[in-house]
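Letter by letter, the chains look like this.
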Amino acid sequence: ASTGTVAATPETGDVEYLAPINIGGQTMVMDFDSGSSDLWVFNTQLAAASQTGHTNFDPSKSTTFKLMQGASFSISYGDGSGAAGNVGTDTVNIGGATVTSQAIELATAVSSSFVQDTQSNGLVGLAYSKLNTVKPTAQKTFFDNAKSSLAEPVFTADLRHNAVGAYTFGAIDSTKFNGSLSWAAVNTTNGFWQFSSTKFQVGTGAAMTVAGGQAIADTGTTLMLANAAVVNAYYSQVTGAVNNQTVGGVTFPCNAQLPDLQVDVGGNYMAVVRGDDINFAPVDNAGTTCFGGLQAISSDLQIYGDIMFKSQFVAFNGGNNTIGMAPH
Ligand SMILES: N[C@H]1[C@H](O)[C@@H](Sc2ccccc2)[C@@H]2OC[C@H]1O2
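A few points on the structure. (Residues numbered from 1 in each chain as written. Predicted model: local features only at pLDDT ≥ 70, side-chain atom pairs only at ≥ 80, totals over all residues. Heavy atoms only, no water.)

1. Considering the environment of Leu46
No. 1: Mapping Leu46 onto the fold places it in the loop between strand 4 (39-41) and helix 1 (48-51).
No. 2: For the pair Leu46 and Thr3, spaced 43 residues apart in sequence, the C-alpha separation works out to 33 Å.
No. 3: Leu46 has contacts with Gln51, Ala107, Thr108, Ala109 and Val110, leaving out every residue within four places of it along the chain. (Helix = DSSP H or I, 4+ residues; strand = E, 2+ residues; numbered from the N terminus. Contact = heavy atoms within 4.5 Å.)

2. Structural notes on the state of the cysteines
No. 1: Enumeration according to the criterion identifies one disulfide in this entry.
No. 2: The side chain of Cys254 participates in a disulfide bridge whose partner is Cys290; the two sulfur atoms lie 2.1 Å from each other. Torsion about the S-S bond of the Cys254 and Cys290 cystine: about 105°, corresponding to right-handed handedness. With a gap of 36 residues between them, Cys254 in the loop between strand 18 (249-253) and strand 19 (261-264) and Cys290 in strand 22 (residues 289-292) connect regions that are remote in the sequence. (Disulfide = S-S within 2.5 Å.)

3. Some points on the site of the ligand
No. 1: Near the ligand there are 13 residues, and of these Glu16, Asp33, Asp79, Ser81 and Asp218 occur at the shortest range.
No. 2: One nitrogen or oxygen atom from the main chain of Gly78 is found 3.5 Å from an oxygen atom belonging to the ligand.
No. 3: The separation between an oxygen atom of the ligand and a polar main-chain atom of Gly220 is 3.4 Å.
No. 4: Relative to its unbound accessible area of 400 Å², the ligand is 86% covered by the protein chains.
No. 5: Among the elements of the structure, strand 3 (26-33) and helix 2 (112-116) are those that each provide at least two residues to the shell around the ligand.
No. 6: Per-class residue counts for the shell around the ligand are three nonpolar, five polar and five charged. (Near = heavy atom within 4 Å. Polar contact = N/O pair within 3.5 Å; in protein donor to acceptor, adjacent residues only side chain to side chain. Areas by Shrake-Rupley, 256 points an atom, 1.4 Å probe, with all protein chains shown as cover. Nonpolar A, V, L, I, M, F, W, Y, C, P; charged D, E, K, R; others polar.)

4. Observations regarding the sheet that holds strand 22
No. 1: Taking strand neighbours across the sheet as the criterion, the four strands line up as 17-18-22-21 in an open arrangement whose pairing is antiparallel. On the outer flanks of this sheet lie strand 17 (242-244) and strand 21 (279-282), each paired with one strand and no other. With strand direction ignored, the average angle separating the axes of adjacent strands in the sheet is 45°.
No. 2: Where strand 18 and strand 22 come together, three bridges link them in antiparallel fashion. Across the sheet, Thr251 pairs through a bridge with Phe291, a residue of strand 22. (Pairing = 2+ DSSP bridges. Axes fitted to C-alpha atoms, helices over the stretch in contact; angles between N-to-C directions.)

5. Some thoughts on the environment of Asn145
No. 1: Along the chain, the position of Asn145 falls in helix 3 (residues 142-146).
No. 2: Among the residues examined, Asn145 registers a relative accessible area of 26% and is labelled partly exposed.
No. 3: Asn145 sits 46 residues away from Val99 along the chain, and the two C-alpha atoms are 6.5 Å apart.
No. 4: In this view, Asn145 contacts Val99, Ser101, Gln102 and Lys140; residues no more than four positions away in its chain are not counted. (Buried < 20%, exposed > 50% of the residue type's maximum accessible area, 1.4 Å probe, protein only.)

6. So, the packing of aromatic side chains
No. 1: If you walk through the whole model with that rule in mind, you get 18 aromatic pairs.
No. 2: Ring centres of Phe142 and Phe169 lie 5.2 Å apart, and the angle between their planes is 80°; this geometry places the pair in the edge-to-face category. With a gap of 27 residues between them, Phe142 in helix 3 and Phe169 in strand 10 (residues 163-169) connect regions that are remote in the sequence. For the pair formed by Phe142 and Phe169, the shared burial category is buried. (Phe/Tyr/Trp six-rings, centres within 6.5 Å; stacked < 30°, edge-to-face > 60°.)

7. Things to note about the nonpolar core
No. 1: Ile21, Phe32, Phe169, Leu261 and Ile323 are the most contacted members of the largest nonpolar core, which totals 76 residues.
No. 2: Membership of the second largest hydrophobic core comes to 16 residues, among which are Phe42, Leu46, Val87 and Ala107. (Core = buried A, V, L, I, M, F, W, Y, C linked by side-chain atoms within 4.5 Å.)

8. Thoughts on helix 4 (residues 228-235)
No. 1: All buried positions along helix 4 are accounted for by Val230, Val231, Tyr234 and Tyr235. The arc enclosing the buried residues of helix 4, seen along the axis, measures out at 120°, which places them on a common side.
No. 2: The opening residue of helix 4 is Asn227, an N-cap whose side-chain oxygen sits 2.7 Å from the backbone nitrogen of Ala229. (Arc of directions from axis to C-beta.)

9. Some details on the side chain of Asp90
No. 1: Its place among the elements puts Asp90 in strand 6 (residues 82-94).
No. 2: Summary of buried charges: Asp90 has no salt-bridge partner, and the nearest side chain of opposite charge, Lys66, is 7.3 Å away.
No. 3: For Asp90, the side chain forms a polar contact with the side chain of Ser62, separated by 2.6 Å.
No. 4: There is a polar contact of 2.5 Å between the side chain of Asp90 and the side chain of Thr64.
No. 5: In contact with Asp90, other than residues within four places in its own chain, are Ile23, Gly24, Phe57, Ser62, Thr64, Phe65, Val99, Thr100, Ser101, Gln102 and Ile104. (Lys, Arg positive; Asp, Glu negative; His and termini not counted. Salt bridge = Lys/Arg side-chain N within 4 Å of Asp/Glu carboxyl O.)

10. A few points about unusual backbone geometry
A negative phi angle characterises most non-glycine residues, just as the trans form characterises most peptide bonds.
No. 1: With an omega of 5°, the peptide bond running from Lys135 to Pro136 counts as cis.
No. 2: In this fold, Pro136 is placed in the loop between strand 8 (122-125) and helix 3.
No. 3: At Asp14, a residue that is not glycine, the phi angle is positive and equals roughly 60°.
No. 4: Of note, Asp14 is situated in the loop between strand 1 (4-10) and strand 2 (17-23).
No. 5: Here Asn162, not a glycine, exhibits a phi torsion of approximately 50°, which is positive.
No. 6: Within the element layout of this structure, Asn162 appears in the loop between strand 9 (154-160) and strand 10.

11. Regarding the pattern of salt bridges
No. 1: If you walk through the whole model with that rule in mind, you get five salt bridges.
No. 2: The partner of Lys61 in a salt bridge is Asp58, and the shortest N-O contact between them spans 3.0 Å.
No. 3: Residue Arg274 pairs with Asp277 through a salt bridge whose shortest N-O separation is 3.4 Å.
No. 4: The exposure class assigned to Arg274 is partly exposed, which follows from its relative accessible area of 33%.

Here it is as structure tokens:
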């Protein structure tokens, strides 16, 4: 039984968290994404202009790479970005956890936001394999393939504000969080790490309820996207907060005192998201106006992204489909 741990390094401004994987002897720094289920890479098939600035996997240099005849992928993400291409298999090693025949999706087209993001050379999808986009046959995620050989059928995300954290496969390091993990049931119907989240509390204020509220834990989303009623209640407590359509969301004075936000996870745990972490980044050069890390989403499915992960250590249990959280 194996385990594997890799450093999770934030891009400047905590925009995303990157970690190295080894594919057929080549190290690729990747964006680990618990909100999708494709492992795709920048590679030597891409147009030269798209390859510029990236590490490009070269299948011809891997003695273990095999093309998957007739297979292709095409993925679109929540933010409108996307990638498409063909598919092969190779040995993938993430910090010591190894899968010998992992589907590697080789992009032949990627959207501009990926090309511009030169720190990232692809995504490692860690949601449920039912979301995988490979045709004619959907492929398993690295975690799904590795699960049976891991010491425990789990992976964990220990993401930090402006500091190096870790992704671990096969073990839960209890020195990385305070107290004990609170576990919630995962609803796997949509293929996400989805749980009920219906209760909220802004600072020490009154608790509020969003009937039927659901959320997903998504390491690939930078911010925290919650129900508009919750977001409005939160920013009603922040002097100078305005919904700034030009900038694309709520801003406030950078010196604002931001309350903590508590969100329930699975009905029996209130996860505290630190107010400081909800001050995401300045929008002006003078650094007087800041953009909120908590923003409204119109869909019923809330997306708890890196803003939440900076306050909460998260364990994903693929053995019993539960999600564990504890403050860190
Ligand atoms: N699960 C997330 C995914 O990882 C990113 S893909 C991505 C796009 C551009 C830059 C970096 C990553 C996208 O935003 C939210 C959702 O879709």
